[in-house]
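# Summary of the model geometry
In case you want the letters, here they are:
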Amino acid sequence: MTDQPKLTYEQAREELVEVVKKLESGGESLADSMALWQRGEELAKLCQGFLDGAREQVEKARAAEQSSDE
């Protein structure tokens, strides 16, 4: 995903939804379908990275809260 502007989670998710819709419609050539699939993989990894980061922040906040309660 080089030379691409940074996307927010919401932008990446929305683009991924559009990629899936295009792939499901079946109207693309094989080459275009492969390019869409590759873009979808990139977007899915990006979204997963955002979700993993959010989960880590929540876990850290919970751990800090628990340690301050003790």
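Placed above this text is the structure.
Residues numbered from 1 in each chain as written. Predicted model: local features only at pLDDT ≥ 70, side-chain atom pairs only at ≥ 80, totals over all residues. Heavy atoms only, no water.

### A closer look at the overall build of the protein chain
- In terms of helices and strands, the protein chain carries 2 helices and 0 strands.
- The C-alpha radius of gyration of the protein chain comes to 17 Å, more than 25% above the 11 Å expected for a compact globule of 70 residues.
- Judged by the C-alpha coordinates and their principal axes, the protein chain covers about 60 × 25 × 15 Å.
- For the protein chain, the proportion of its 70 residues judged to be buried stands at 10%.
- As displayed, the protein chain offers around 5,700 Å² of accessible surface, 52% of which is attributable to carbon and sulfur atoms.
- Between the mean site of the 9 positive side-chain charges and the mean site of the 16 negative ones, the protein chain shows a separation of 1 Å. (Helix = DSSP H or I, 4+ residues; strand = E, 2+ residues; numbered from the N terminus. Rg over C-alpha atoms; globule rule 2.2 N^0.38 Å. Buried < 20%, exposed > 50% of the residue type's maximum accessible area, 1.4 Å probe, protein only. Areas by Shrake-Rupley, 256 points an atom, 1.4 Å probe, with all protein chains shown as cover. Lys, Arg positive; Asp, Glu negative; His and termini not counted. Charge placed at Lys NZ, Arg CZ, Asp CG, Glu CD.)

### Side note on the packing of aromatic side chains
- As enumerated under the stated definition, the model contains 1 aromatic pair in all.
- Centre to centre, the rings of Y9 and F50 are 6.1 Å apart; their planes meet at 80°, and the pair counts as edge-to-face. Here F50 lies in helix α2 (residues 30-69) and Y9 lies in helix α1 (residues 9-25), a separation of 41 residues in the sequence.
- Relative accessible area serves as the criterion here: at 22%, Y9 is assigned to the partly exposed category.
- Taking the relative accessible area as the measure of exposure, F50 reaches 34% and is therefore partly exposed. (Phe/Tyr/Trp six-rings, centres within 6.5 Å; stacked < 30°, edge-to-face > 60°.)

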